[in-house]
Amino acid sequence: LLAGCNEATTATRAELKVSGPTMGTHYAVKVVGDYPGGEPQLQHDVEQILQRIDHQLSTYKPDSELSRFNQHKATTPVTISQDLADVLIEGLRVGKMTGGAMDITVGPLVNLWGFGPDKRPTKIPSDAEIAAARAKTGLDKLHVEIGSETATVRKDIPDLYVDLSTLGEGFAADKIADLLDGRGIKNYMVEIGGEVMAKGVNPKGECWRIGINKPTDDPAGLNQELEEIAHLCGKVGLATSGNYRNFYEKGGKKYGHTINPITGYPAEQDILSATIIAPDCTTADGYATSFMALGSEKARELKKRVPEIEYFIIYTDSVGNYKTEHSEGFTQYLANKGR
Ligand code: FAD
């Protein structure tokens, strides 16, 4: 009888797994139990969503919806899809909450420093180049309007250039989670480039175990040494940002891909890696980048204003010691071991 109460306790349930390349990184989707049409249909449905979002949000595709807005060198409104509008609205919301530390108009600086679709710079940008790029940014210069029929976006300066790289993976994970919810799937894990949307339990009936890497410099992404494991049960999004994968060194100095929109330089903060758990993955993704741009002191302040997120950070303290710290609410995700 007991065994019947929770069949997962004894037998491990069937799991469907699909994976592949996307957005310059990779995705993996695990579904416990059945999916109509099995793995082939699951892979088809997932990749349809990924391709749609790629064509909406990519700055690496010159003909994507976002790229076409960035190329629109005018302040007249442009009609956009609801998806793009939703991501822009969330980006503006998180940007305002973080005092502009997360700034989706930071694209000219991202590209100037070589962390966008353009090549790496041969030399460090000059102060004048940085000032010129900074002049083309500003969250207050981007406006999204949701009408009864359509959504539009407009910019106050023709050269404003939006970069949604910090939110796109999380948004795609949310949209795939919506697909699985719509199919009545109760237990799944969606991972895109390290951003995760999980629901329910894994095939053994336990929480989904998500590793948090040690932030050792690892441009090839081969390091799988873990600092911690988060155990996700229920439905939550988890995103990690760090400057140990996407960086370069010049003149003995390291330049990471998180830009400080205030200075125009790559952020030089004490946080090496920030993992955020939130009700959805888009939000988690945005706040993870924010933590990297803010540093630990301002990130702790931010957490007080944003009760819906929990954090786990790896940072160096004032005397250079390697430290980890998590918000009180993150404890439940560490204590779920084996649940
Ligand atoms: P995160 O911390 O989540 O994001 C960091 C990125 O956000 C930086 O790379 C920069 O672009 C931007 N950023 C930096 N500072 C700030 C700031 N202060 N505020 C806001 N944003 C900031 N990469 C490829 O190499 N090839 C591709 O074809 C490709 N296609 C993509 C398509 C889409 C739809 C998206 C969303 C991204 C794509 N990327 C591509 C980018 C790649 O996926 C990114 O490296 C990744 O999205 C960054 O995520 P992250 O988790 O590594 O870092």
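All values reported here derive from a predicted model rather than from experimental measurement.

Conventions we followed
Residues numbered from 1 in each chain as written. Predicted model: local features only at pLDDT ≥ 70, side-chain atom pairs only at ≥ 80, totals over all residues. Heavy atoms only, no water. Helix = DSSP H or I, 4+ residues; strand = E, 2+ residues; numbered from the N terminus. Rg over C-alpha atoms; globule rule 2.2 N^0.38 Å. Buried < 20%, exposed > 50% of the residue type's maximum accessible area, 1.4 Å probe, protein only. Contact = heavy atoms within 4.5 Å. Areas by Shrake-Rupley, 256 points an atom, 1.4 Å probe, with all protein chains shown as cover. Lys, Arg positive; Asp, Glu negative; His and termini not counted. Charge placed at Lys NZ, Arg CZ, Asp CG, Glu CD. Pairing = 2+ DSSP bridges. Axes fitted to C-alpha atoms, helices over the stretch in contact; angles between N-to-C directions. Near = heavy atom within 4 Å. Polar contact = N/O pair within 3.5 Å; in protein donor to acceptor, adjacent residues only side chain to side chain. Nonpolar A, V, L, I, M, F, W, Y, C, P; charged D, E, K, R; others polar. Core = buried A, V, L, I, M, F, W, Y, C linked by side-chain atoms within 4.5 Å. Disulfide = S-S within 2.5 Å. Salt bridge = Lys/Arg side-chain N within 4 Å of Asp/Glu carboxyl O. Parallel < 35°, antiparallel > 145°, perpendicular 65-115°, else oblique. Left-handed = near helix turned anticlockwise from the far one by under 90°.

Asks: Can you lay out the overall build of the protein for me, pointing to particular residues and giving the numbers?
Replies: Helices and strands together make up the secondary structure of the protein, namely 11 helices and 15 strands. In summary, the protein has a C-alpha radius of gyration of 20 Å against a globular reference of 20 Å for 339 residues, a match within 12%. Taking the principal axes of the C-alpha coordinates as reference, the protein spans close to 75 × 55 × 35 Å. Counting all 339 residues of the protein, 52% fall into the buried class. Within the protein, counting contacts between residues at least 6 apart in sequence, those at least 24 apart form 63% of the total. Here the protein has roughly 15,300 Å² of accessible surface; of this, 52% comes from carbon and sulfur atoms. The positive charge centre, built from 37 side chains, and the negative charge centre, built from 46, are 1 Å apart in the protein.

Asks: Requested: an account of the pairing of strand E4 (residues 142–146), with residues and values cited.
Replies: Two elements, E4 and strand E5 (residues 151–155), share five bridges in a ladder whose sense is antiparallel. Along E5, the bridge assignment pairs Ile146 with Ala151. The turn joining E4 and E5, which pair antiparallel and follow one another in sequence, is formed by four residues.

Asks: With reference to specific residues and values, describe the sheet that holds E5.
Replies: Strand order in the open sheet formed by three strands is E3-E5-E4, with antiparallel pairing between adjacent strands. Each having just a single partner strand, strand E3 (78–80) and E4 make up the two edges of the open sheet. The sheet shows a mean angle of 30° between the axes of neighbouring strands, direction not considered. Along the sheet, helix H5 (residues 82–97) makes contact with E3, E4 and E5, crossing E4 at roughly 130°.

Asks: Report on the site of the ligand, specifying residues and quantitative values.
Replies: Around the ligand sit 25 residues in total, of which Met23, Asp163, Glu195, Ser241 and Ile259 are the nearest. The separation between a nitrogen atom of the ligand and a polar main-chain atom of Ala101 is 2.9 Å. A distance of 2.9 Å is found between an oxygen atom of the ligand and a side-chain nitrogen or oxygen belonging to Thr289. Protein chains bury 86% of the 960 Å² of accessible surface belonging to the ligand in isolation. Those elements that provide at least two residues to the shell around the ligand are helix H3 (38–57), helix H8 (165–182) and helix H9 (281–294). The biggest single contributor to the shell around the ligand is H8, with four residues. In terms of residue class, the shell around the ligand is built from 10 nonpolar, nine polar and six charged.

Asks: Account for the nonpolar core, with residues named and values stated.
Replies: Of all hydrophobic cores here, the largest spans 66 residues; its most connected members are Val29, Leu88, Ile104, Leu164, Leu180 and Phe291. Look past the residues within four positions of Leu164 in its chain and what remains in contact with it is Leu57, Leu66, Leu84, Val87, Leu88 and Ile104. With 17 residues, the next largest nonpolar core counts Val196, Ala198, Ile212 and Leu232 among its residues.

Asks: Which residues make up the state of the cysteines, and what are the values?
Replies: Here the structure, examined in full by the defined rule, presents one disulfide. Here Cys207 engages in a disulfide with Cys233; their sulfurs sit 2.0 Å apart. Between Cys207 and Cys233, the disulfide has an S-S torsion of -100° and is therefore left-handed. Separated by 26 residues along the polypeptide, Cys207 in the loop between strand E7 (195–199) and strand E8 (208–213) and Cys233 in the loop between strand E9 (226–232) and strand E10 (235–242) bring together distant segments of the chain. Of all cysteine sulfurs in the structure, the one in Cys233 sits closest to Cys281, which takes part in no disulfide; the separation is 17 Å.

Asks: Which residues make up the pattern of salt bridges, and what are the values?
Replies: A full pass over the atoms with the stated rule returns 20 salt bridges. Here Lys175 and Asp178 are joined by a salt bridge, their closest N and O atoms 3.6 Å apart. With Lys175 and Asp178 both in helix H8, this residue pair falls three residues apart, about one helical turn. Measuring nitrogen to oxygen at the nearest pair gives 2.8 Å for the salt bridge that ties Glu325 to Arg300. Of the two residues, Glu325 sits in strand E15 (residues 322–326) while Arg300 sits in helix H10 (residues 296–305), which places them 25 residues apart along the sequence. Among the residues examined, Glu325 registers a relative accessible area of 16% and is labelled buried. A cluster of three or more residues bridged by salt bridges with shared partners is formed by Arg52, Asp83, Lys175 and Asp178.

Asks: Tell me about the packing of H5 against H9, and name the residues and values.
Replies: At a closest axis distance of 10 Å, the pairing of H5 and H9 adopts a crossing angle of 40°. Compared by their axis directions, H5 and H9 come out oblique. Here the hand of the crossing between H5 and H9 comes out right-handed. Side by side, H5 and H9 meet where Glu90, Arg93, Val94 and Met97 of the first sit next to Thr282, Thr283, Gly286, Tyr287 and Ser290 of the second. Considered class by class, the residues forming the contact of H5 with H9 number three nonpolar, four polar and two charged.

Asks: Describe the sheet that holds E10, listing the residues and the values that go with them.
Replies: An order of E1-E2-E6-E7-E10-E13-E14-E15 is seen for the eight strands of this open sheet, with the pairing classed as antiparallel. Strand pairing shows two members of the sheet lacking a second neighbour, strand E1 (15–22) and E15, which therefore form its edges. Taking the axes of each pair of neighbouring strands and ignoring which way they run, one obtains an average angle of 10° across the sheet. As judged from the eight bridges shared by E1 and strand E2 (residues 25–32), these two strands associate in the antiparallel manner.

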